[in-house]
Amino acid sequence: AQKITQTQPGMFVQEKEAVTLDCTYDTSDQSYGLFWYKQPSSGEMIFLIYQGSYDEQNATEGRYSLNFQKARKSANLVISASQLGDSAMYFCAMREVNSGSARQLTFGSGTQLTVLP
Amino acid sequence: EPEVTQTPSHQVTQMGQEVILRCVPISNHLYFYWYRQILGQKVEFLVSFYNNEISEKSEIFDDRFSVERPDGSNFTLKIRSTKLEDSAMYFCAIGPATYEQYFGPGTRLTVT
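What you see is a predicted model; the values in this text were computed from it and never measured.

Criteria and thresholds
- Residue numbers here run from 1 along each chain, matching the order of that chain's written sequence.
- As a convention, the first chain written is A and the first ligand written is 1, with the rest following in written order.
- Side-chain atom pairs in this predicted model are given and counted only at pLDDT of 80 or more, local residue features only at pLDDT of at least 70, and totals for whole chains, interfaces and linings cover all residues.
- Calculated side-chain values reflect all of the structure's heavy atoms, with hydrogen atoms and water omitted.
- A run of H or I in DSSP becomes a helix once it reaches four residues, and a run of E becomes a strand once it reaches two; helices and strands are each numbered from the N terminus.
- Throughout, the radius of gyration refers to the C-alpha atoms, and the reference size of a globule is 2.2 Å times the residue count to the power 0.38.
- For the exposure calls, accessible area comes from a 1.4 Å probe over protein chains only, and a residue counts as buried if that area is under 20% of its type's maximum, exposed if over 50%, partly exposed in between.
- A contact between two residues is defined here by any heavy atoms of the two lying within 4.5 Å.
- To be clear on the numbers: accessible area is Shrake-Rupley with a 1.4 Å probe, and residue cover counts the displayed protein chains and nothing else.
- Strands qualify as paired when DSSP identifies two bridges or more between them.
- For helices, the axis comes from a line fit to the C-alpha atoms of the stretch in contact; other axes are also lines fit to C-alpha atoms, and the angle between any two N-to-C directions lies between 0 and 180 degrees.
- A pocket, in this scheme, is an open set of points on a 1 Å grid over the protein atoms alone with protein on both sides within 12 Å along at least 5 of 7 lines, while a cavity is a set where a 1.4 Å probe fits but cannot get out; residues line either one if an atom lies within 4 Å of a point.
- Grid points are joined across faces, edges and corners, and a volume is the space filled by probe spheres set on the points.
- Residues are grouped as follows: Ala, Val, Leu, Ile, Met, Phe, Trp, Tyr, Cys and Pro are nonpolar; Asp, Glu, Lys and Arg are charged; all remaining types, including Gly, are polar.

(A) Molecular detail of the overall build of chain A. Regarding its fold elements, chain A presents 0 helices and 12 strands. Overall, chain A shows an N-to-C arrangement of helices and strands of β-β-β-β-β-β-β-β-β-β-β-β. Taking 13 Å as the expected radius of gyration for a compact globule of 117 residues, we find that chain A reaches 14 Å, a close match to that expectation. In terms of its C-alpha atoms, chain A occupies a principal-axis envelope of roughly 45 × 30 × 20 Å. Counting across all 117 residues of chain A, residues that qualify as buried make up 50%. Here the analysis covers contacts within chain A between residues at least 6 apart in sequence; of these, 56% occur between residues at least 24 apart. Summing over all exposed atoms, chain A offers an accessible surface of approximately 5500 Å²; the carbon and sulfur share of this is 47%.

(B) Up close: the sheet that holds strand S3 (residues 19-25) of chain B. All names here are of chain B. Spatial strand order, S1-S3-S8-S7: 4 strands in an open sheet with antiparallel pairing. Strand pairing shows two members of the sheet lacking a second neighbour, strand S1 (4-7) and strand S7 (65-68), which therefore form its edges. Averaged over neighbouring strand pairs, the angle between their axes works out to 15 degrees when direction is ignored. Relative to strand S8 (residues 75-79), S3 runs antiparallel, the two sharing 5 bridges.

(C) Seen up close, the layout of surface pockets. By volume, the second largest pocket is sized at about 290 Å³. Lining the second largest pocket are 18 residues; nearest its centre among them are Gln39(A), Gln37(B), Leu39(B), Gly40(B) and Arg108(B). Considering every element that reaches the lining of the second largest pocket, the biggest residue donor is strand S10 (residues 88-96) of chain A, with 3 residues. In the lining of the second largest pocket, the residues fall into 7 nonpolar, 10 polar and 1 charged.

(D) Examining the environment of Thr112(B) more closely. Residues and elements named next belong to chain B. Structurally, Thr112 can be placed in the segment after strand S11 (107-111). A relative accessible area of 51% means that Thr112 is categorised as exposed. For the pair formed by Thr112 and Ser81, sequence separation is 31 residues and the distance between their alpha carbons is 12 Å. If we ignore the near neighbours within four places in the chain, the residues touching Thr112 are Val12, Thr13, Gln14, Met15 and Leu84.

So this is what it looks like as structure tokens:
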């Protein structure tokens, strides 16, 4: 079974509008972390935002916020006031914090976001 | 944000040859990881390295792969007897004792 599911292979948004990128996850662990990374066409992986499973408030970093719904096992990324430079592939990832775990990340298949002028 | 550099940025090799990919974290970190991304696909975990030894490895990390930290700073991934299907972007990532993982810019490996 997929541990991280991103159901939107591609999304379009108008410049200055907000957009939500979906991510659902599957884990039986009580302690885990959820991450979003941005991958522009140049290929690098840019860390955007992190949410811990025990964090009571949704994480925010500038124009990025994470809509964390633990009961639904979803961790959607919200980008406010989209900019042309936001056009990129976005990956959701999870780290399951087990005893002895080395904390590697499991990634979803990604969502290609295109911001339209 | 910690910085990580990777060399080379692009490596072309013939099938059957050995390649060494290098990762240089700017500052000391506890955890090191290698991931790979086949073109157009998701990022996949290869191996994690903690306290100078392998912590975990995936099924992708077969006996052709090895990692080491030869001089206490560089972190290398060696692939012996390369195959066409090894062609991918290889990312090094570093992690402090908390939660972040910061990725290097990647090395694009092309096996011909």
